[in-house]
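Coordinates in review
This is what each chain is made of:
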Amino acid sequence: MQHLPSSDYLQVNKLVACFNNTTATYKFYWLLSLLEQVEKGKTVIPKRELFAGMVSHAWYTIHYFHVSFGKSDLLGEHIHALKQSENLDITASRETIFQQLTTSTNSSTRQLLMHFDRNVPHWFLSPWFPKKTKKEIYECSKDRSYRAPYELRTDSLIIDHSWVGYFIDNAALIRSFCYWKLALYLQAKNPNVPDIPNKLVKPAQRNPLTKQRSYWDTVMNELGGLNCIYTNCMLEKGSYALDHFIPYSFVSHDLIWNLIPSETTFNSKKSDKLPRLEVYFDAFYHTQKEAVSIMLDKHPRHPLLEDYLTIFPSLDDLKSEKYYEQLQSLITIAANNEFEYLALLEF
């Protein structure tokens, strides 16, 4: 999506220009936060609420998916600090995060939020006021002849009445445009991380693994059970968890080649930690190879068998070396994005 709806009296091209030559995520999250407050009917908005909105929108992308915002971007760093200062859970809802950050009496929290007042509110308006200083932008924003989206005050901003209607009428399109631009920006910062667009918002719910569980139930029926590759305990149909060998929060898919039955308590504790291939690969590969052999014999047209073709040329060519290389490559990238390894003596 490269364009926004035009307007006869607003310079929408300047809103688009806000994202030219972007060197941080601030402007994306600023607009998303501002748009959310306008949709709630607010036209005079405290800056603290807008900064809290920026944090709440970026929270899941930083904490759950571990997407890098780049070294020069302090939003991610401050989000980690705010998690500590407010003792917030990484899975907390956006509404919960916003409420806690806007009502907290913690001086550290306020300081972390107000840090963004140094640059974000006024530089966002730079397309309307090119080559002007911060002080000049604050003064010029009060002149309605410029038709800037808002007027800047010390602790708040006032949305221009002409922009209120535009924001509300086109909220869905503006939000999509902003996420599209943000996805392009973050993909450039994370070239080897899969599925960036689906890591920008917290999913309403995860897809059920019904078909994948049925696949492994078939394997267990044939073998009479399976040994957990992590704990070596015997797993039986109906009493196991399906583990994403490489965490879902990194791969962002449920393909069968990355799913392995595991003991339920272990699976819960493993969470989004990375497996050490030198410890678990041989058992993982043997179990997967045996499962494919059984399914090819019993259900050769099973649709989930096609999942393996995303990394192998054919189902007769599941070589351990290629499997290892595929997993090792993904694990290395995930580790570079601050995913933790499963400790050897943790379980």
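Higher on the page you've got the structure.
Please read all numbers here as calculations on a predicted model, not as lab measurements. (Residues numbered from 1 in each chain as written. Predicted model: local features only at pLDDT ≥ 70, side-chain atom pairs only at ≥ 80, totals over all residues. Heavy atoms only, no water.)

**Considering the nonpolar core**
Within the largest apolar cluster, 117 residues are counted, with the highest numbers of intra-cluster contacts made by Trp30, Ile159, Phe167, Tyr215, Trp216, Tyr308 and Tyr323. Non-local contacts of Trp30, meaning those with residues more than four positions away in its chain, are made with Leu50, Phe51, Met54, Val120, Pro121, Phe124, Tyr150 and Leu157. (Core = buried A, V, L, I, M, F, W, Y, C linked by side-chain atoms within 4.5 Å. Buried < 20%, exposed > 50% of the residue type's maximum accessible area, 1.4 Å probe, protein only. Contact = heavy atoms within 4.5 Å.)

**Examining unusual backbone geometry**
Of note in the backbone geometry, Asp195 takes a positive phi value of approximately 60 degrees without being a glycine. Considering the arrangement of structural elements, one finds Asp195 in the loop between α10 (171-189) and α11 (210-223). The class for Asp195 is partly exposed, based on a relative accessible area of 28%. Although it is not a glycine, Glu338 sits at a positive phi angle of roughly 75 degrees. By the element assignment, Glu338 lies in the segment after α15 (320-336). (Helix = DSSP H or I, 4+ residues; strand = E, 2+ residues; numbered from the N terminus.)

**What to know about the pattern of salt bridges**
Taken as a whole, this structure holds nine salt bridges when the rule is applied. Linking Lys42 and Glu49 is a salt bridge whose minimum nitrogen-to-oxygen distance equals 2.7 Å. Look at Lys42 and you get partly exposed, because its relative accessible area is 28%. Across the salt bridge formed by Lys298 and Glu222, the nearest N and O atoms sit 3.8 Å from each other. Residue Lys298 is located in helix α14 (residues 277-298), and its partner Glu222 is located in helix α11; the two are separated by 76 residues in the primary sequence. By relative accessible area, which is 43% here, Glu222 ends up partly exposed. (Salt bridge = Lys/Arg side-chain N within 4 Å of Asp/Glu carboxyl O.)

**Structural notes on the environment of Cys178**
Checked against the element boundaries, Cys178 lands in helix α10. Look at Cys178 and you get buried, because its relative accessible area is 1%. With 150 residues separating them along the chain, Cys178 and Phe28 place their C-alpha atoms 6.1 Å apart. Cys178 has contacts with Phe19, Phe28, Leu31 and Leu32, leaving out every residue within four places of it along the chain.

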